[in-house]
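So the chains spell out like this:
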Amino acid sequence: MNETYVTVTGNVATKVDHWTSPSGVPVARFRLASTVRRFDKHRDCWTDASTSFYTVWAWRGLATNVASSVARGEPVVVRGQLRIVEDEREGRRYLTADLMASTVGHDLARGTSAFVRVSRANPELTRGPAPAWPPVDTVGPPPFGAPGDEPAVSPRGALAGAPVEVPQGEAEEGVEGGVPAQRGAS
């Protein structure tokens, strides 16, 4: 009832881990780095100050969409519930900031993005109780990638940032020569 909702802008700091929980619910997580910028009067320029890191958690359809749309290094805007998790390991106390995402999107002030609507082919993914919190670390891939991770792959299978070639006559609707068509332009 009195949850703390926040909106955080920043860059995706790790690859998106995506798996299905034992109860069959898709889960995705990534680390978000948000750096404060301050104007330095002595230097007469903007400089980076402190960086805050958040673990972003997404469930169900949002998890699937995040895993197929977001890659390391991309600027995003995340809105969700903020939870501060306290943990003790080897006699040391740790605090982590977790964001239970309700919305994740690219920061269009810093680039462009092409939206593709997904169909609700499997409505069962959006039903049922929320998974237990905190999640069990023994299920799913290693947290935030392991050494030797593969490079980010775009939805079409090309390396992120690499040009995508579409064979002649096989261009998708709304796509011209492998580049999304601009809406409203004539």
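These remarks concern the structure in this document. (Residues numbered from 1 in each chain as written. Predicted model: local features only at pLDDT ≥ 70, side-chain atom pairs only at ≥ 80, totals over all residues. Heavy atoms only, no water.)

With that out of the way, let us pick up the pairing of strand β1 (residues 5–12). Here β1 pairs with strand β5 (residues 75–89) via 7 bridges, running antiparallel. Each residue of the ladder has a partner; that of valine 8, found in β5, is valine 78. Sheet topology places β1 next to strand β3 (residues 26–40); 2 bridges connect them, and they run antiparallel. Note on β3: the bridge partner recorded for asparagine 11 is alanine 33. (Pairing = 2+ DSSP bridges. Helix = DSSP H or I, 4+ residues; strand = E, 2+ residues; numbered from the N terminus.)

Tracing the sequence through the fold places serine 34 in strand β3. If sequence neighbours within four positions are ignored, serine 34 has contacts with Val8, Thr9, Gly10, Ser50, Thr51, Ser52 and Tyr54. (Contact = heavy atoms within 4.5 Å.)

Core analysis: the biggest nonpolar cluster contains 18 residues, and Phe30, Leu32, Val56, Val66, Val70, Val78 and Val104 have the highest contact counts within it. Going through the elements one at a time, β1, β3, β4 (45–59), α1 (60–69), β5 and β6 (92–106) are the ones with two or more residues in this core. The leading source of residues in this core is β6, at 4 residues. With residues up to four places along the chain from it excluded, the contact list for valine 78 reads Val6, Thr7, Val8, Phe30, Leu32, Val56, Leu99, Ala101, Thr103 and Val104. Core analysis: the second largest hydrophobic core is formed by 5 residues, Trp19, Val27, Trp57 and Met100 among them. (Core = buried A, V, L, I, M, F, W, Y, C linked by side-chain atoms within 4.5 Å. Buried < 20%, exposed > 50% of the residue type's maximum accessible area, 1.4 Å probe, protein only.)

Take unusual backbone geometry next. Excluding glycine, a negative phi dihedral is what most residues carry, and trans is how most peptide bonds are arranged. Of note, the phi angle at aspartate 44 is positive, near 60°, even though the residue is not glycine. Residue position: aspartate 44 is located in the loop between β3 and β4. Classification of aspartate 44 by relative accessible area gives exposed; the value is 58%.

With that settled, the discussion passes to the packing of aromatic side chains. Counted by the stated rule, this structure contains 3 aromatic pairs. With 6.3 Å between their ring centres and 85° between their planes, tryptophan 19 and tryptophan 57 make a pair best called edge-to-face. One end of the pair, tryptophan 19, is in strand β2 (residues 17–20); the other, tryptophan 57, is in strand β4, with 38 residues separating them in the sequence. With respect to class, tryptophan 19 is no different from tryptophan 57; both count as buried. Look at phenylalanine 39 and tryptophan 46: their rings are 5.5 Å apart centre to centre, the planes differ by 75°, and that puts the pair in the edge-to-face class. Residue classification places tryptophan 46 among the exposed positions, given a relative accessible area of 52%. Taken together, the ring pairs in this structure connect Trp19, Trp57 and Trp59 into an aromatic cluster. Directly above the ring of tyrosine 94 sits arginine 89, whose terminal nitrogen or CZ lies 4.2 Å from the centroid. (Phe/Tyr/Trp six-rings, centres within 6.5 Å; stacked < 30°, edge-to-face > 60°. Lys NZ or Arg CZ within 6 Å of the ring centre and 35° of its normal.)

Of all the positions in α1, only Arg60, Ala63 and Val66 are classed as buried. Buried residues of α1 fall within an arc of 110° about the axis and therefore sit on the same side. Considering only its buried residues, α1 is in contact with β2, β3, β4 and β6. (Arc of directions from axis to C-beta.)

So, about the pairing of β6. Relative to β6, β4 runs parallel, the two being bridged by 3 bridges. Bridge pairing in β6 links valine 56 to leucine 99. In terms of strand pairing, β5 meets β6 through 14 bridges, oriented antiparallel. Opposite arginine 89, over in β6, you have arginine 92 as the bridge partner.

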